[in-house]
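Chains, contacts and geometry: an overview
Below, each chain spelled out in residue letters.
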Amino acid sequence: MNIKYPIESVHTLSVDEIITALETDAQKGISSSEAETRTASFGANIYAVQKQKPIWLMLLLQFKSPIVYLLIFAAAVTVYFQNYIEAIAIGVVIFVNALIGFFMELQARSSMNALKEMDIILSKVIRDGITLHIPSEKITIGDLIVVEAGDIIPGDAHLIEANQLQCDESSLTGESLPSEKNIEKLPKETAMGDQLNMLFKGTAVMNGNGKAVITGIAGNTQLGTITSLVASHKETTTPLEKKIAALSMKLIRITLIMTSVFAVTGFIQGKHWALILETSIALAVAAFPEGLPIVSTVALAYGMLLMAKRNAIVKKLSAVETLGSTNVILTDKTGTLTENKIYVDSFSFPEENIKVTIEKNVLKYEKGNIEKSKNNFEKIILIGALCNNAASKQDDGKKKLLGDPIEIALLYLADASGTTANALKDTHERISEMPFNSDTKVMGTLHKSKNGNFVAAKGSVEHLLEKCRRIIFDETLKELGDDDRKKIIAESEKMAADGLRVLAFAYKEENDTEKEDFLNNLIYAGMIGFLDPPRLDIKDAILSCRRAGIKIVMITGDHPMTALNIAKKVGLADDADQHVITGNDMPDMNSVSDDWKQKILATTVFARTTPKQKLEIVEIFQKAGNIVAMTGDGVNDAPALKKADIGIAMGLRGTQVAKETASIVLKDDSFTSIAKAVSHGREIFQNIQKFVVYLVSCNLSEIFIVTALGFIAPAVTLLPLQILFLNMVTDVFPALALGLGKGDKTVMDRPPRDPKNLIVSNKDWIAIGLYALAITLACMVAVIFCKEFLLVDDKTANNVAFITLAFAQLFHVFNMASAQSKLLVNEITKNKFIWLAILLCAGLVTIVFAVPQMRTALGLQVLGTDIWLVSITAGLIPLLLVQLFKIFFKKNIIIF
């Protein structure tokens, strides 16, 4: 290998010069072994991205928070009072708390990295003459890549073949119009935006197809150069994080009010300033739920990982929150509501219709044989094989076809008809191609054979007929009249009404055909009806979404009768429903009336729509106040995917552009996975609500208890270190267990959540206040009982408050069951993490009392069995009160 890399002014080289310079082959590419050698020499195709925080920095940042600064101040105060043991204990607690946050964040990072590994972009490359799909980071210098509409370019490349190729380079050049590509070499001074013979990494193919040789990877690309100039990337704050921050500020305000009231009252009562200061610090420690931000992150990351295992890769954290609010899903038909396994079902010739099946690679006719249309049949077989970009490769010794499902079905048809697609292609050299796009809805190819030029074309019936002048009746050619057109269209609608996808086929044989404009004056040959069976397993998923208050709308470019037939079979439309809006029916959105807007909002099936109309439909639903999820797979779906509140791309058949634009990528393309994703998104947010309510109610109870004891029994009040220990024990682990729960089964039986609502609503604040009062009541009952009836001293009473609060908060986790769940069997009692958290926390409380040094540091002492019994029994009071309320009033205090 004698390659000079990087190559300067690549755009000045011709096709032959670039192939020679990079020692590659225009047909076979480089060999697999050569690719490995070049990767070892030039590195992987990964440019420098923002590095993750080093482990040491992640640990150090755990100490960067107001609560840590407050604890350090508390430790300084204890040192001032010469209470060195408590100062050391506070230091240990700060470090342990930092370790817990560190390991939780590390786990969240691991989950996010696992998600990234699932979201791999594949590129089509030719090596050893075989077309392969490989991860883009494995592309190397000299690789021969094949690109088509919807692809993301994996590296800078020099074109060697271009067919109507257009690329969106706006991300690099700022030019909004697609760049028309060709293979002509250019002057050295040509600006990047005018280098029409080059493809650039990260740009998108909008139309056409072509082949190119990779000339730059990783940092040696235009995108890599720009990326290296970016010194840092500011992390964005998700809506959930903003809501949690707002919640924390509300708690701080409550604490400041309580602290001020206590301090003013204390000074009026003549209490010692040291006692006031220590109690104020205790209130401040009690106010802030230390575990809230990190538990939220872990819960989201864990939930996203579970969703990925259920075929939905979530690329944006904010999408999880939005999923719970989605009330409209705009879905494609092919592959999402159908199996995307295309079979040839029937032929429609000008003089006869034939139903067929293919069994063991043999074409069989249901009734008789073709009698009047043998030449039409042969022409359709030839057109289907030539006007086709599907390719084959060997996979474990077996032939595997790659490409569009309809084109694969046409190759199987050619093989089953007694010939082979490869044999037909060998005798018809392709000269030019007019790729299919959403505007023309026709694909055409120009070929050279021993008999002259041959044009093959296929596409939608209406659009292809516009390009036809004649019609063939077996051996006879006739002018294509209006009656013929009407008859053909009527037959296609009849086939579509039976649920078939219908394509028309046409051809032309002329020696003087122009290479740039050959799709005209065609000869109509016939139609094929393809069967794409509906996914009958999605009926339950659609019913579940409807029950959850979600409207399902089909938007497809297919025939209206085909779309309606599928919609009825999967339960999207009723049997009596005949209403379909087509793209031709829709008015100009700039002057659309209110009546038309209402008609669009009430429609379930849209057919023959353009990408622009998809975008307009999304906007109409959004302006009506809906939260819209949109599915898509093509490059032209990208604007609608971006505009929707949640863009959902198809992982199997989706283009790279669609996957890059979307918030969620489905690995199996099934609507069932969409419904599961919505359900799981609701579960995740419900779990977040539960542990937020749990944490806030626990912290608010600590504020109430410290304030109450500060007034009536200052010597008994909880110490800052005791509160911090309880927060670490009864907050973090049970809250984390709530965040990892599966959620209740009724999550899809309720309407979507309003995204404007805060995590904790006013109604929830009432519930939190009642929970906190119940826990406060339990502590006060225990303390008063022990002082009045067991005649304990102030220090013992303080320990009673400590134990009672610890167990009251642990038992309180069972109050987080949803309103619709059963008393003993619910999502909380079935959550194994809850039981593990309770056992762990109870064990830690016991250890604290058992170890003399820890007992001394926390201001605790050995207690009798009667004290433990009273404290634990009193700790059950909040749980009993809430459950009794639930039994007698048939509902829970809090509604999730």
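For the structure, check the block above.
Here is a short report on the structure shown in this document. All figures in this text were calculated on a predicted structure; none of them were measured in a lab.

**Re the overall build of the chain**
- On a plain count of helices and strands, the chain comes out with 30 helices and 27 strands.
- Sorting the 896 residues of the chain into buried and exposed places 56% on the buried side.
- For the chain, long-range pairs separated by at least 24 residues make up 72% of all intrachain contacts whose partners lie at least 6 apart in sequence.
- When the accessible surface of the chain is summed, it comes to about 39600 Å², and 57% of that surface belongs to carbon and sulfur atoms.

**Considerations on a negative patch on the surface**
- Together, Asp-512, Glu-514, Glu-516 and Asp-517 give the surface a local cluster of negative charge.
- The topology assignment puts Asp-512 in the loop between strand E20 (500-509) and strand E21 (522-531).
- We classify Asp-512 as exposed; its relative accessible area is 62%.

**Remarks on a positive patch on the surface**
- There is a patch of like positive charges on the surface, built from Arg-310, Lys-676, Lys-742, Lys-745, Lys-822, Lys-830 and Lys-832.
- Relative to the elements of secondary structure, Lys-832 occurs in helix H27 (residues 832-850).

**Considerations on the packing of aromatic side chains**
- For the coordinates displayed, the defined rule picks out 10 aromatic pairs.
- Judged by centre distance (5.2 Å) and plane angle (50 degrees), the ring pair of Phe-814 and Trp-835 falls under tilted. Of this pair, Phe-814 sits in the loop between helix H26 (794-812) and H27 while Trp-835 sits in helix H27; the two residues are 21 residues apart in sequence, bridging distant segments of the chain.
- Clustering of aromatic rings is evident, with ring pairs tying together Phe-725, Phe-802, Phe-849 and Trp-868.
- The ring of Tyr-507 has Lys-379 sitting right over it, with the charged end atom 5.2 Å from the ring centre.
- When the ring centre of Phe-685 is taken as origin, the NZ or CZ atom of Arg-753, which lies over that ring, is 3.8 Å away.

**Let's talk about the packing of H26 against H27**
- The interhelical angle for the contact between H26 and H27, taken along N-to-C directions, is 170 degrees, at an axis separation of 10 Å. When the axes of H26 and H27 are compared, the pair comes out roughly antiparallel. Contact residues: H26 offers Asn-799, Phe-802, Ile-803, Ala-806, Phe-807 and Leu-810, while H27 offers Ile-838, Cys-841, Ala-842, Val-845 and Phe-849.
- Among the residues forming the contact of H26 with H27, the class breakdown is 10 nonpolar, one polar and no charged.

Rules of the game
Residues numbered from 1 in each chain as written. Predicted model: local features only at pLDDT ≥ 70, side-chain atom pairs only at ≥ 80, totals over all residues. Heavy atoms only, no water. Helix = DSSP H or I, 4+ residues; strand = E, 2+ residues; numbered from the N terminus. Buried < 20%, exposed > 50% of the residue type's maximum accessible area, 1.4 Å probe, protein only. Contact = heavy atoms within 4.5 Å. Areas by Shrake-Rupley, 256 points an atom, 1.4 Å probe, with all protein chains shown as cover. Patch = residues over 30% accessible without salt bridge, like charges linked within 9 Å, V, L, I, M, F, W, Y side chains within 5 Å. Salt bridge = Lys/Arg side-chain N within 4 Å of Asp/Glu carboxyl O. Lys, Arg positive; Asp, Glu negative; His and termini not counted. Charge placed at Lys NZ, Arg CZ, Asp CG, Glu CD. Phe/Tyr/Trp six-rings, centres within 6.5 Å; stacked < 30°, edge-to-face > 60°. Lys NZ or Arg CZ within 6 Å of the ring centre and 35° of its normal. Axes fitted to C-alpha atoms, helices over the stretch in contact; angles between N-to-C directions. Parallel < 35°, antiparallel > 145°, perpendicular 65-115°, else oblique. Nonpolar A, V, L, I, M, F, W, Y, C, P; charged D, E, K, R; others polar.

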